[in-house]
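Commentary on secondary and tertiary structure
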Amino acid sequence: MQRKGVSNLPLHGGHAPRWLFNRMTELAGAITDVVVDEYGPNEFLNRISDPYWFQAFSCVLGFDWHSSGTTTTTLGALKASIDPEKHGLYLSGGKGSASRKTPQGIERAGDIFNLRTDSVEDMINSSRLSAKVDNSCIQDGYTLYVHDFFVSEKGDWAVVQQGMNTATKYARRYHWMGEEVSSFIEDPHSGISCDKKEQESLNMASKDSVEAQKISVDLINDNPDHLRSYFRRKDPQQLLLSDFSINDANTLNLPAHHQVLDMDLSDKEFEVLKNAWEIQPEKYEDLILLQGIGPKKIRALALISDLVFGEPASWKDPVKYSFTHGGKDGFPYPVDREVYDHSIATVKDAVYQSKLDNYDKMKALKRLDDFVSK
């Protein structure tokens, strides 16, 4: 089984020089040609949603093997090189403000590929949910700033998005493959990889958080006015639920002298909860998609579910695998040789079969060899 999910990468500033980006775009288009011709658009989505293959692909294009730019620049090169008419693929979204135009891009893809209206609407909803899950439901310290949504001519989809942790100066990449997502809120990634595991990360998209999800919806539908007493500080010395840190279902850590979390919800923030109550969401996906329901409110509801109703959410970082491919000494885990070899071989095969001149092929393969030897 291919492992898909998350990658942790150091943040590197600046821009790729124009001469390099132009060559990256040409090579990205050549590799896409071969993969689509040999295996079809859906297989391209399957590979782009695999962080191993994506990392090897980025290195072949000529970018730093471990830089955050492997995401932004590679996706930029793909966006410039993918031709919907030729490849049967459309790439919507991008970095910053471009990510907010993803729904319009999906609609454009629907027009080009003559997709059914309900399929387009489902994909727009999938785009919003995937972003909300990785930015708000999985609270690992990374804020999304890149969201790219791939659409195939048959209506299949994949997502590659990236978040930034300004404190650690690292980026984390998230991969999704649409056909493998049976639920957006029960471990939607078929695998998650990075080198750094956070000690405490709220994961409301875990199957271990299902009961906390149900209670969160019930709390909203039962009028959130009664929640004020839990998260409003009447006395500066009064302890709140948010003054306690929960590492696991059986451990409650008392604070030494300050708040661990800031959960003193303002009147304006409670208005968002009141608006949600008026809508009466039926399920957790409906709740998290409501305007104004962000990380702070999701976390507040999770705390109440745990400390008041005894239904804990998952506080385990959903990271499982490194963004590279393990180590020969077994640290941080043994190399998965089958996945590793498959990823490298398919990229190498695509380079061999591309219509690039021999010089460009040799340079690309040399970059891949350098990556493998890291």
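A quick note: this is a predicted structure, and the numbers were derived from the prediction, not measured. Along each chain, numbering runs from 1 in the same order as the chain's sequence is written. Owing to the predicted nature of the model, reporting of local features is limited to residues with pLDDT of at least 70; listing and counting of side-chain atom pairs is limited to 80 or more, with chain, interface and lining totals taken over all residues. Each side-chain value is derived from all of the structure's non-hydrogen atoms; neither hydrogens nor water enter the calculation.

1. Overview of the overall build of the protein chain
To qualify as a helix, a DSSP run of H or I must reach at least 4 residues; to qualify as a strand, a run of E must reach at least 2; elements of each kind are numbered from the N terminus. Helices and strands together make up the secondary structure of the protein chain, namely 14 helices and nine strands. Note on classification: 1.4 Å probe, protein chains only; a residue is buried when its accessible area is under 20% of the maximum for its type, exposed when over 50%, partly exposed between these limits. Looking at the protein chain residue by residue over its 374 residues, the buried ones come to 56%.

2. Notes on the pattern of salt bridges
Pairing of side chains with opposite charge becomes possible as their charged atoms draw close. Salt bridges are defined by distance alone: a side-chain nitrogen of Lys or Arg within 4 Å of a carboxyl oxygen of Asp or Glu. Scanning the model with the defined rule gives 10 salt bridges in all. We note a salt bridge from Asp118 to Arg116, for which the minimum N-O separation is 2.8 Å. On the basis of relative accessibility, which here comes to 60%, the residue Arg116 falls in the exposed class. A salt bridge links Lys214 to Glu211, with the shortest nitrogen-to-oxygen separation between them at 3.5 Å. Of the two residues, Lys214 and Glu211 are both situated in helix H8 (residues 210-221); the distance of three residues between them amounts to about one turn of the helix. One connected set of salt bridges, linked through shared partners, spans Asp140, Arg172 and Asp317.

3. So, a negative patch on the surface
In this analysis, a patch consists of residues with relative accessible area above 30% that form no salt bridge, clustered at 9 Å for like charges and at 5 Å for the nonpolar side chains Val, Leu, Ile, Met, Phe, Trp and Tyr. Per-residue and other accessible areas follow the Shrake-Rupley method at a 1.4 Å probe size, with only the shown protein chains counted as cover for residues. His is not counted, nor are the chain ends; Lys and Arg add positive charge and Asp and Glu add negative charge. Here the site of a charge means atom NZ of a Lys, CZ of an Arg, CG of an Asp or CD of a Glu. A cluster of acidic residues, Glu107, Asp111, Glu121 and Asp122, forms a negative patch on the protein surface. Listing elements by their share of the negative patch, those giving two or more residues are helix H6 (102-113) and helix H7 (117-137). Position of Glu107 relative to the elements: it lies in helix H6. A residue is classified by how much of its surface remains accessible, and Glu107, at 43% relative accessible area, is partly exposed.

4. Some details on the side chain of Ser314
Here Ser314 shows up in the loop between helix H12 (295-307) and helix H13 (337-353). For Ser314, a relative accessible area of 9% gives the class buried. Apart from the residues within four sequence positions on either side, Ser314 is in contact with Ser201, Leu202, Asn203, Ser206, Asp208 and Ser209. Contacts are assigned to residue pairs that have any heavy atoms within 4.5 Å of one another.

5. A closer look at the environment of Thr72
Along the chain, Thr72 falls in helix H4 (residues 69-81). Taking the C-alpha atoms as reference points, Thr72 and Tyr145, 73 residues apart in sequence, are found 9.8 Å from one another. Here Thr72 is in contact with Lys95, Tyr145, Val146 and Gln162, once residues within four sequence places are set aside.

6. Examining the pairing of strand S4 (residues 143-152)
Within S4, nine of the 10 residues are buried, which leaves the element mostly enclosed by the surrounding structure. Whether two strands pair comes down to DSSP finding at least two bridges between them. In terms of strand pairing, strand S2 (residues 89-95) meets S4 through seven bridges, oriented antiparallel. Paired with Ser92 across the two strands is Phe149, which belongs to S4. Two elements, S4 and strand S5 (residues 157-165), share eight bridges in a ladder whose sense is antiparallel. Paired with Phe150 across the bridge in S5 is Ala158. Once S4 ends, the chain turns through four residues before running back antiparallel as S5, passing Gly155 with a positive phi of about 90°.

7. Focus on the nonpolar core
Definition of nonpolar core: a set of buried residues of the types Ala, Val, Leu, Ile, Met, Phe, Trp, Tyr and Cys, connected through side-chain atoms within 4.5 Å. In terms of nonpolar packing, the biggest core is built from 50 residues, with Trp157, Trp176, Met204, Tyr284, Leu287 and Ile293 touching the most fellow members. Residues Phe21, Met24, Leu61 and Val146 belong to the second largest nonpolar core, which totals 35 residues.

8. A few points about helix H2 (residues 41-48)
Burial of H2 is extensive: six of the eight residues sit out of reach of the surface. Among the residues of H2, those classed as buried are Pro41, Phe44, Leu45, Asn46, Arg47 and Ile48.

9. Quick word on the side chain of Arg299
Here Arg299 is to be found in helix H12. Taking the relative accessible area as the measure of exposure, Arg299 reaches 11% and is therefore buried. Two N or O atoms count as a polar contact when they lie within 3.5 Å, although within protein this holds only if one can serve as hydrogen donor and the other as acceptor, and sequence-adjacent residues are included solely when both atoms are side-chain atoms. Of note is the side chain of Arg299, whose polar atom sits 3.0 Å from the side chain of Gln139.

10. Thoughts on the confidence of the model for the protein chain
Confidence scores here are pLDDT values: one per residue, from the predictor, ranging 0 to 100. Of the residues in the protein chain, 71% reach a pLDDT of 70 or more, and the chain-wide mean stands at 80. Per-residue pLDDT stays below 50 along residues 323-335; that stretch engages in 32 contacts with residues further than four places along the chain or on separate chains.

11. Observations regarding the environment of Ala131
Relative to the helices and strands, Ala131 is located in helix H7. With a relative accessible area of 21%, Ala131 lands in the partly exposed category. Sequence spacing of Ala131 and Asp148 is 17 residues, and the spatial spacing of their C-alpha atoms is 9.9 Å. Sequence-distant contacts of Ala131, defined by excluding residues within four places in its chain, comprise Leu144, His147 and Gln161.

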